[in-house]
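# Coordinate analysis (summary)
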Amino acid sequence: MNQRYNIPLILPAEPFRPDPPLISEMNNGIKLYAFQRGDQDIVKIDLVIRAGTVHQPQPLVSLLTGTLLKEGSQSFNSGHIAYQLDFHGAYLEFTNGYHHSTLSLVCLTRHLPKLVPLLASVVHEPVFPEKEFKVILENRRQEFLLNKQKVKMLAARTFSKHLWGNAHPYAQHAKDEDFENINTEVLKSFYKKHYSPSDCTLFVSGKVDDSVVDIIDKYLCVGWNQESSNAQESACTPKTRKGKHIIERDGVQTAIKAGQLIMNRNASDYPSFQLLNGVLGGYFGSRLMRNIREDKGYTYGISSYVVSQALGTYIGIHTETANEYREKVLQEMAFEFKKLQEEKVPETELQMVKNYLSGEMMRSFDGPFAIADIYRSLWELGLNFDFIETYIAKMEATSADTIQTLAQKWLNIEDYVIAIAGKH
Amino acid sequence: MVHHFDACSPMVAVNLLYNVGAKDENPQRTGFAHLFEHLMFGGTPGVPVYDDPVQEAGGENNAWTSNDFTNYYLTLPKQNAEIGFWLEADRMQGLAFSPKSLDVQRQVVTEEFKQRYLNQPYGDVGLLLRPLAFEKHPYKWSTIGEKIEHIQDATLDEVKEFYYTHYAPNNAVLSIAGDIQADLAFRMAEKWFGHIEQRQVKPRMLPLEPKQTKRREITVKRDVPLNGIFMAFHMCSRTSMDYHTSDLISDILSGGNSSRLYEKLVKNDAVFVDLNAYIGGDIEPGLFYVTGKVNPKFSVKEAEQRVRWELDRMMNELVHATELQKVKNKAEASHVFEEAHYLNKAMNLALYETLGDAGMINNETDKYKYVTPMDIQRVSREIFCEDNASVLYYLSESLNS
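All values derive from a computational prediction rather than experimental measurement.

Turning to the interface of chain B and chain A, a few remarks are in order. Bring the parts together and some accessible area is lost; that lost area is often taken as the interface size. The interface is formed by 79 residues belonging to chain B together with 74 residues belonging to chain A. Residues Arg290(A) and Asp52(B) are paired through a salt bridge, measuring 2.4 Å at the closest nitrogen-oxygen approach. Linking chain B with chain A are 31 residue pairs in polar contact (both at pLDDT 80 or more). For the side of chain B that touches chain A, the secondary structure elements donating two or more residues are helix 2 (51–56), strand 4 (70–77), helix 3 (81–93), helix 4 (99–118), helix 8 (182–193), helix 10 (260–268), helix 12 (321–338) and helix 13 (342–355) of chain B.

Rendered as structure tokens:
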């Protein structure tokens, strides 16, 4: 027998337990989570602020406040800040979230003594200059206009409006007029209200030792004083409008985004649901991919995924397909839903998806910075690394019966919000 | 074969780079290398579904095709690294060549063509700019192909011929990086690949691109919100001494918010909403791009003139030592950041080994160090010469109706 048919034995995953962070408290009370990892002399500092889109008085405020930070402080103008960052080969990026926003500094460890004071100035004393504000606002507006042309974006926006309901904070998207109704005064007051140490947390990863933490404490935290938190978040009940919602748009492809709200991340059947999602559309060999791409060729890709946020969790399915295949894709989706409800997933397939998902978890810890990112996404939902261990154990213990029961409960196409953007 | 040990995570990357890309295609069958990449996942006599064992082993796999290369990679939990060796060796020996797989993948690639190139605003820029800049060299078509018909007409015989003339152990580099010791990696490679016979690989004879002697331009109108200017200039090859100088030139112009184009033309004068200068990264003499979307308050001609002034400055004035130092520091730092991922390391090692020596990866930052202001000026004069420019005016229908 040719050796090429002599398959190597596949071994089960070794138990995977990421090292927990070292937690310390800075001089002004800010908590710092340190993840020492990797052998490159690089470091990432994430300053996480409870100042996301759910806190903003009007669209764009949280995004522009964060983006404008590095455009000028009382000590340095935007040109100087940009030059210092570039000269040291460093990056200072702002990411806007629903509940938290993050300012991340990535640099070579040896440049920290130069760059942390710069970061401190940007965070402590931003001035929100008019000129830079106008340029950035205009660039964002153009980006917005461009995105409005993409069927993928249109489908995603329509989807979230109907999944959460118009009034829900997760369904608030900028509109043309929002770009006219914003000014630097709004940003300044948002900054004053929300950028306080009591609403901040630090995550540091890479080559992190005591001296790194000392530098951060000394320059970023000492003298930046604690004020009481202002981050109010009100509860909000989603108002889902299930069924098809169609946006007409010219083009050669149609984008489809479908989904519904499901149990939260800390629910006991969440890990099993992730497994069901895996079987359905969570990896390259999933049911949806095999049927709709690999068997029929209707699309370049189709996937399903679970999105967990503080105010709710949903399963989403996304694809872009030729306009003429739109109905066929929806039919095949419904067909795969039904199949999972009526037939048990074969053991070999179930085991394969379990192995894939636990491998995927290990793979996500790639590089020195990823560990902090993963921890942070758990932390935002009030969880920590213990979750991962329990999650993998529960996912692996899930039976085909459980998957079928979950499919019967959660894979009813008539319960889904289906957003469609394209030419009919 | 190349190996690199990195125990940052308990994973191993198995990367196999074949020295074949879109430039090796028959001009009547463009897009073939990329279509073929899809077919490599269509199964072999021994492994009907390539992905099954990968996923069972907790692994992930993918591939990409460029004008120069086709690269396949897997990342696996370290205890299952051998699965990657086995699977890659298996499909190096032969494929199932199923007509159904060809039918389906032709259609999948057609949808990819639409999704990525036709149904995106500005998505067809590459399809328009390449044939303007290149008259003879196969870089004139994109990896997706010159047109959809070329993909739709591909036959199974052509697929087989392509496989047997390009997919061979003597035309590939295997690169292993991650939590695996060298002796184990080499033993596994020997075990799975050692007996695969060499094949007759078609020698590469690419037509030379004649030197461009006159500026070229085309104009199109599309349903996009802003007017775009897309310029391409011929530049040196990946292995030329001037490659790193060209890279630094692109950083002086547009690396970061303190760069010349961003500071002057985006931030201060707001002529452009977004403006970039970058090198294509091609192996053969390729293209240096300057691309931007124009603020509607300015005419396209005016905007282009402003870019031209900056390019002229690169040609006429020596760059200041501290500005040059800034972009060198930046290049060094990006190199370190990139190396923080085992899969990147595996890919880069395979690339450098294909270019002649994996050890080059250690000298990359040095090559930037020795670039002088005179070099910057000399290379800028070669690249930014007006006769060397191909310009695509990509106009917005609504702004120009």
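From this point on, the discussion continues.
Turning next to unusual backbone geometry. Look at Phe128(A): it is not a glycine, yet its phi comes out positive at around 50°. Checked against the element boundaries, Phe128(A) lands in the loop between helix 3 (112–124) and helix 4 (130–147). Among the residues examined, Phe128(A) registers a relative accessible area of 3% and is labelled buried. Despite not being glycine, Ala270(B) has its phi angle at roughly 50°, a positive value. Within the secondary structure, Ala270(B) is located in the loop between helix 10 and strand 8 (272–279). Residue Ala270(B) is classed as partly exposed on the basis of its relative accessible area of 21%.

Another aspect to go through is the environment of Val300(B). Summarising the element assignment, Val300(B) is placed in helix 11 (residues 300–316). It is 7.8 Å that separates the C-alpha atoms of Val300(B) and Gly228(B), two residues lying 72 residues apart in sequence.

Our focus in this paragraph is the sheet that holds strand 5 (residues 101–108) of chain A. Residues and elements named next belong to chain A. Strands sit in the order 1-2-6-3-5-4 across an open sheet of six strands; the sheet is mixed. Each edge of the open sheet carries a strand with a single partner, namely strand 1 (22–25) and strand 4 (91–96). Taken pair by pair, the neighbouring strands of this sheet meet at an average axis angle of 20°, ignoring direction. Across seven bridges, the pairing between strand 3 (residues 42–49) and strand 6 (residues 200–206) is antiparallel. Paired with Val48 across the strands is Thr201, a residue of strand 6. In this fold helix 7 (residues 210–221) packs onto strand 1, strand 2 (31–36), strand 3 and strand 6, with an angle of close to 150° to the strand it touches most, strand 6.

The next subject is the pattern of salt bridges. In total, this model carries 57 salt bridges over all chains according to the counting rule given. As a salt-bridge pair, Asp250(A) and Lys423(A) come within 3.5 Å of each other at their nearest N and O atoms. With Asp250(A) in the loop between strand 7 (243–248) and strand 8 (253–262) and Lys423(A) in the segment after strand 11 (417–422), this pair connects stretches of sequence that are 173 residues apart. Here Glu364(B) and Arg238(B) are joined by a salt bridge, their closest N and O atoms 3.5 Å apart. Here Glu364(B) is found in helix 14 (residues 364–369), whereas its partner Arg238(B) is found in the loop between strand 7 (228–234) and helix 9 (243–254), with 126 residues between them in sequence.

Residue and element names in this part refer to chain B. As for its position among the elements, Val159 is in helix 7 (residues 156–166). The exposure class of Val159 is buried, given its relative accessible area of 2%. As for Val159 and Phe32, which are separated by 127 residues in sequence, their C-alpha atoms are 8.3 Å apart. Dropping the residues within four chain positions of it, Val159 is found in contact with Phe32, Phe36, Leu39, Phe97 and Leu102.

Residues and elements named next belong to chain A. Of all hydrophobic cores here, the largest spans 69 residues; its most connected members are Phe273 and Phe385. The dominant element in this core, judged by the number of residues it contributes, is helix 11 (residues 347–363), at seven residues. Residues contacting Phe385, with those up to four places away along its chain left out, are Pro18, Asp19, Pro20, Phe35, Phe365, Ile371, Ile374, Tyr375 and Leu378. If you look at the next biggest cluster of nonpolar residues, it comprises 54 residues, including Ala51, Leu137, Tyr195 and Leu220.

All right, on to the sheet that holds strand 7 of chain B then. In sheet architecture, strand pairing relies on hydrogen bonds along the backbone and comes in two forms, parallel and antiparallel. All names here are of chain B. With mixed pairing, five strands are arranged side by side in an open sheet as 6-10-7-9-8. Only two strands of the sheet have a single neighbouring strand rather than two, namely strand 6 (216–222) and strand 8. Taken over all neighbouring pairs, the strand axes of this sheet differ in orientation by 10° on average, direction set aside. Relative to strand 10 (residues 389–396), strand 6 runs parallel, the two sharing seven bridges. Across the sheet, residue Arg216 finds its bridge partner in strand 10, namely Ser390.

Think of an α-helix as 3.6 residues a turn; residues three or four steps apart then line up on the same face. Here helix 4 of chain B spans 27 Å end to end across 20 residues, near enough to the 28 Å set by a 1.5 Å rise per residue. The element helix 4 of chain B is largely enclosed, with a buried count of 14 among its 20 residues.

So, on to the pairing of strand 4 of chain B. All names here are of chain B. Extensive coverage of strand 4 is indicated by the burial of eight of its eight residues. Relative to strand 4, strand 2 (residues 11–18) runs antiparallel, the two being bridged by eight bridges. By the bridge assignment for strand 4, Ala13 is matched with Thr75. As judged from the six bridges shared by strand 3 (residues 60–65) and strand 4, these two strands associate in the antiparallel manner. In the strand pairing of strand 4, Asn62 is matched with Tyr73. The antiparallel hairpin formed by strand 3 and strand 4 contains four residues in its connecting segment.

The geometry of an aromatic ring pair is captured by the separation of the ring centres together with the interplanar angle, meaning the angle of the planes. Residue and element names in this part refer to chain B. This structure, assessed with the given rule, holds 44 aromatic pairs over all chains. Aromatic side chains Phe32 and Phe162 sit 5.2 Å apart centroid to centroid with 55° between the ring planes, which places their arrangement in the tilted category. Taken together, the residues span a long stretch of sequence, with Phe32 in helix 1 (residues 32–39) and Phe162 in helix 7 at a distance of 130 residues. On the basis of relative accessibility, which here comes to 6%, the residue Phe32 falls in the buried class. The exposure class assigned to Phe162 is buried, which follows from its relative accessible area of 7%.

Residues and elements named next belong to chain B. Look at helix 10 against helix 11: their axes get within 11 Å of each other, and the N-to-C directions meet at 155°. It follows from the interaxial angle that helix 10 and helix 11 lie roughly antiparallel. Considering the relative orientation of helix 10 and helix 11, their crossing is right-handed. Of the residues in helix 11, those touching helix 10 at Arg260, Leu261, Lys264 and Leu265 are Arg306, Val307, Glu310, Arg313 and Met314.

It is worth spelling out the confidence of the model for chain B at this point. Overall, the predicted model of chain B reaches an average pLDDT of 95, with 100% of residues at or above 70. Interface scoring of the predicted complex returns ipTM 0.89; its pTM is 0.92.

Quick notes on the rules
- Residues numbered from 1 in each chain as written.
- Chains lettered and ligands numbered in written order.
- Predicted model: local features only at pLDDT ≥ 70, side-chain atom pairs only at ≥ 80, totals over all residues.
- Heavy atoms only, no water.
- Contact = heavy atoms within 4.5 Å.
- Salt bridge = Lys/Arg side-chain N within 4 Å of Asp/Glu carboxyl O.
- Polar contact = N/O pair within 3.5 Å; in protein donor to acceptor, adjacent residues only side chain to side chain.
- Helix = DSSP H or I, 4+ residues; strand = E, 2+ residues; numbered from the N terminus.
- Buried < 20%, exposed > 50% of the residue type's maximum accessible area, 1.4 Å probe, protein only.
- Pairing = 2+ DSSP bridges.
- Axes fitted to C-alpha atoms, helices over the stretch in contact; angles between N-to-C directions.
- Core = buried A, V, L, I, M, F, W, Y, C linked by side-chain atoms within 4.5 Å.
- Expected span 1.5 Å × (residues − 1).
- Phe/Tyr/Trp six-rings, centres within 6.5 Å; stacked < 30°, edge-to-face > 60°.
- Parallel < 35°, antiparallel > 145°, perpendicular 65-115°, else oblique.
- Left-handed = near helix turned anticlockwise from the far one by under 90°.
- pLDDT = per-residue confidence, 0-100.

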